Amino acid sequence: MTTRTGDARADGQGEVAIVGGGLAGVTTALALQETGIRTTIYEARPRLGGATHSFTRGGLTVDNGQHIFLKCCSAYQGLLGRLGAADRVRVQDRLDIPVLTPGGATGRLRRAKAPGPLHLVPALARYRLLPPADRVRAVRASLALDRLDPDDPAHDGTTIGTWLARHGQRPAARDALWDLFVTAALNIRLDEAALGPAAMVCQTGLLGRSDAADIGVPAIPLGDLHGTLAAAKIERGGGRIELGAKVTAVDAGQKLVVNGSPVSADAVVVAVPHRVASSLVPAEASPERGRWDGLGSSPIVNVHVVYDRPVLRVDGRDEPFAAAVGSPVQWVFDRTAISGLAGGGQYLAVSVSAADRWIDTPTAELRSVYLAELERLFPAARRARVTDFFVTRERHATFRQSPGSGALRPASATRLPWLFLAGAWTDTGWPDTMEGAVRSGLTAARLVRRHLNRVRSDGVSGR
């Protein structure tokens, strides 16, 4: 790796060091270089993409986990536009989720083409997995939830599960409706999820604009979408990417220690997970950095199954994905085309959020449980042969979005005017999602530009 001092450019724009090449770091770099500011990303791993990446196995391209976005995720879609990848994703023309149960009963949540929140009334009215009385109660609770202020600090001190119980949501409705969305969005169960971020997700995604919750999925592997395309775009714009570059310290003297060598910069953005950032950021920048460990983590497990024939059918229809209730299977996605699987088989990925129960379970036990569950949900799987089975585990997939976590999320700016934070764990106004990560990068880029402009107008180096 080549290091350089990062002295200010002749045009006064300065040079910015970005620690971490996940979505937050990539977004920061792209947003800055669009305004002529030179950046260098220092990434310890041999790839960009952070928590979203791909690998190969048996001739297949495998994503470490299934990631989706909603149409309301405007910042993430803006990133796709910057990468020239808006056509590399598939977005529903309207929200449509087939929902399965192990007993064979099925339901479907399909929104109407009506203004929000009225677009969900027909979906709930036709949702066969809830008794009619629970559907009415769900509408009432939705309207009450829409009136909450997600930023009210009081809502950071209680759970969405407690709130739903107070608003007449019985266990059947919690399992068949609310848990379906909240657990997937926040990666934590209803009885542990803070009310504030849960209300924000429901208001923005389900109760706002009528198309806000339409689901988008990548049409190419994440390693290509967030790694290869991002690297090419950054380097074409004059940025640098240093892979295998481990930053072990950021000191108050405006220097990084990268693979044991000092590197200077005019501004630094620390865009790594909170458990790493707390050890890098100096006390002068964030005296409260020791509290960040209190954000904890929540795991996700992905179960990957390759069958010798298609099995993902609901009510006689092939589906790109489905949700399940009353089952260890939460969401299951058809990964056949994106993985490059040929020969008439089907590759399914089961995404299990809030996977504390399963994160340390041996693969053999997961195989026994999940193959049996898939057979209960998809009758065709009972006649199919499994040609491959494997598991990917993300022990620290997100921070734990439980009561009190909102107060621990720091702002992007620190007490050192040249040092900034980025990452979905910072105070973005969004939960820990791809959208939150991108928004944090945009915020960091805006603050960096403001700092460099101030330094330039003051005629000092800022160091």
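Note that this is a predicted model, so its numbers are computed, not measured.

(A) Representation of the packing of helix 2 (residues 74-82) against helix 12 (residues 434-458) in the model. Contact geometry of helix 2 with helix 12 gives a least axis separation of 7 Å together with a crossing angle of 70°. As the angle between them shows, helix 2 and helix 12 are arranged roughly perpendicular. Where helix 2 abuts helix 12, its residues Ser74, Ala75, Tyr76, Leu79 and Arg82 lie against Met434, Glu435, Val438, Arg439 and Leu442. For the contact of helix 2 with helix 12, the class distribution of residues is six nonpolar, one polar and three charged.

(B) Structural detail: the pattern of salt bridges. Applying the stated rule across the entire model yields 27 salt bridges. In this structure, aspartate 388 engages arginine 57 in a salt bridge whose closest nitrogen and oxygen atoms are separated by 2.9 Å. With a gap of 331 residues between them, aspartate 388 in strand 21 (residues 386-398) and arginine 57 in strand 3 (residues 54-57) connect regions that are remote in the sequence. Aspartate 388 gets classed as partly exposed once you look at its relative accessible area, which sits at 21%. Between aspartate 211 and arginine 209 there is a salt bridge, and its shortest N-O distance comes to 2.4 Å. Connected through salt bridges with shared partners, the residues Asp96, Arg108, Arg110, Arg317 and Glu319 form a single ionic network.

(C) Spatial organisation of the sheet that holds strand 12 (residues 255-258). Read across the sheet, three strands follow the order 11-12-13 without closing on themselves; strand pairing throughout is antiparallel. Unpaired on one side and paired on the other, strand 11 (247-251) and strand 13 (261-264) mark the two borders of the sheet. Taken over all neighbouring pairs, the strand axes of this sheet differ in orientation by 25° on average, direction set aside. Of the strand pairs in this sheet, strand 12 and strand 13 are connected by four bridges, and their pairing is antiparallel. The partner of lysine 255 across the bridge, within strand 13, is serine 264.

(D) Just the environment of serine 286, in detail. With respect to the secondary-structure elements, serine 286 resides in the loop between helix 9 (274-280) and strand 15 (298-307). Residue classification places serine 286 among the buried positions, given a relative accessible area of 2%. Residues serine 286 and alanine 219, 67 residues apart in the sequence, show an inter-C-alpha distance of 40 Å. Sequence-distant contacts of serine 286, defined by excluding residues within four places in its chain, comprise Val281, Trp292 and Thr414.

(E) Looking closely at the environment of arginine 376. Mapped onto the elements of the fold, arginine 376 is located in helix 11 (residues 363-377). Placed 54 residues apart in sequence, arginine 376 and alanine 322 show a C-alpha to C-alpha distance of 14 Å. If near-sequence neighbours (up to four positions away) are discounted, arginine 376 is found in contact with Pro102 and Arg382.

(F) Local environment of the UniProt feature "binding site: FAD" (unreviewed entry) in the protein chain. Here the UniProt-annotated "binding site: FAD" (unreviewed entry) positions come out as Glu43, Ala44 and Val247. A stretch of 205 residues holds the annotated residues, and the largest C-alpha distance among them is 8.0 Å, short enough that they meet in one place. Not counting the four nearest positions on each side in its chain, glutamate 43 is found in contact with Gly20, Gly21, Gly22, Leu48, Glu242, Leu243, Gly244 and Ala245. Mapped onto the elements of the fold, valine 247 is located in strand 11. Owing to a relative accessible area of 10%, valine 247 belongs among the buried residues under this scheme. Sequence-distant contacts of valine 247, that is, excluding residues within four places in its chain, are made with Val19, Tyr42, Leu256, Val257, Val258 and Leu280.

(G) A look at the pairing of strand 18 (residues 321-324). Here strand 18 shows a buried face lined by Phe321 and Ala323 and a second buried face lined by Ala322 and Ala324. Note that strand 18 and strand 19 (residues 331-334) share three bridges and pair antiparallel. Residue pairing in the sheet places phenylalanine 321 in a bridge with phenylalanine 333 of strand 19. In sequence, strand 18 turns back onto strand 19 through a hairpin of six residues, with glycine 326 there showing a positive phi of about 70°.

Scoring rules and cut-offs
Residues numbered from 1 in each chain as written. Predicted model: local features only at pLDDT ≥ 70, side-chain atom pairs only at ≥ 80, totals over all residues. Heavy atoms only, no water. Axes fitted to C-alpha atoms, helices over the stretch in contact; angles between N-to-C directions. Helix = DSSP H or I, 4+ residues; strand = E, 2+ residues; numbered from the N terminus. Parallel < 35°, antiparallel > 145°, perpendicular 65-115°, else oblique. Contact = heavy atoms within 4.5 Å. Nonpolar A, V, L, I, M, F, W, Y, C, P; charged D, E, K, R; others polar. Salt bridge = Lys/Arg side-chain N within 4 Å of Asp/Glu carboxyl O. Buried < 20%, exposed > 50% of the residue type's maximum accessible area, 1.4 Å probe, protein only. Pairing = 2+ DSSP bridges. UniProt positions renumbered as here; feature names shortened; annotations may be inferred.

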